[in-house]
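# Per-entry structural report
One-letter residues, chain by chain:
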Amino acid sequence: MVADSLPSGQLLTLVGDVTSSEHGRLTVQRAVEAFGRLDVVCNVAGIGARFSLRELPEDTFDRVLAVNVKGPWLYTKYASEQMLAQGTGGSIITVSSIAAGFGLPMQTAYGPSKAAALQLMRSAAMELAPFGIRCNSVLPGIVATPILVDAPSEDPDELKRQLAPFRQGAQNVPLGRVGEPGDIASTLAFLASDESSYITGTQIVVDGGWTAGSATRGVLAPSPDSTPDQKRR
């Protein structure tokens, strides 16, 4: 839908591995070749792994850290080099998670990786602020995306069914609903724009108010009438 809404020549699509240094360099290079400059980078790619501490495989732990931490580090590194060369500042944004600030069961890879990504942006912000390059984080709460599901379907209708219990189980969210991808996209757009020109080194929590009242609320769960298998997720 995004591609269809843009004029011809306004969208460049590249497929690769965010943990690859070569691909990071190539992405920045191709973007500059296509558009003449680089002003904004959003580090959005991320993966999760739902295992107990005892059952988490070492290679899975390594992969989660590689995608969620090394990936943003590589793209922040190469993007900032290009922005410094341009001399016109820029905005770098990384999607972290509210899991960066909470101890959550079954998240001994995901939680630490998102905490590291958050700290990466804070440190980069202090280093790059003198050059007008802003670095910030967005911390989503529970958002209706495939990462919530153990084995997400590629069929849109089936995926919608898989996500339904999470949408229905929003009783612990003060705003009464889980997040949608557009809630995160609009926050990214704000941080990418000049409207946020005096914001750097910080984070915006987009969770419907969940963390504000976390001491008095349970962890978000599917609705009581969900199947046992759905509750497990």
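Before going into details, it helps to say that this report is about the structure given with it. Keep in mind that this is a model prediction, so the values were computed, not measured.

### Let's talk about the sheet that holds strand β1 (residues 40-43)
One key point about sheets: their strands pair by backbone hydrogen bonds, in either a parallel or an antiparallel sense. Pairing within the open sheet is parallel, and its 4 strands lie in the order β1-β2-β3-β4. Looking at which strands have only one partner, the edges of the open sheet turn out to be β1 and β4 (203-206). On average, adjacent strands in this sheet sit at an angle of 20° to one another, irrespective of strand direction. Note: strand β3 (residues 133-140) against β4, 4 bridges, orientation parallel. By the bridge assignment, Val138 is partnered in β4 with Ile204. Against the sheet, helix α6 (residues 181-192) contacts β1, β2 (90-95), β3 and β4, and its axis sits at roughly 165° relative to β3.

### Observations regarding the side chain of Thr19
Note on placement: Thr19 falls in the loop between α1 (2-5) and α2 (21-35). A polar atom in the side chain of Thr19 sits 2.8 Å from the side chain of Asp17. Dropping the residues within four chain positions of it, Thr19 is found in contact with Arg63, Ala66, Val67, Lys70 and Leu74.

How each quantity is defined
- Residues numbered from 1 in each chain as written.
- Predicted model: local features only at pLDDT ≥ 70, side-chain atom pairs only at ≥ 80, totals over all residues.
- Heavy atoms only, no water.
- Pairing = 2+ DSSP bridges.
- Helix = DSSP H or I, 4+ residues; strand = E, 2+ residues; numbered from the N terminus.
- Axes fitted to C-alpha atoms, helices over the stretch in contact; angles between N-to-C directions.
- Contact = heavy atoms within 4.5 Å.
- Polar contact = N/O pair within 3.5 Å; in protein donor to acceptor, adjacent residues only side chain to side chain.

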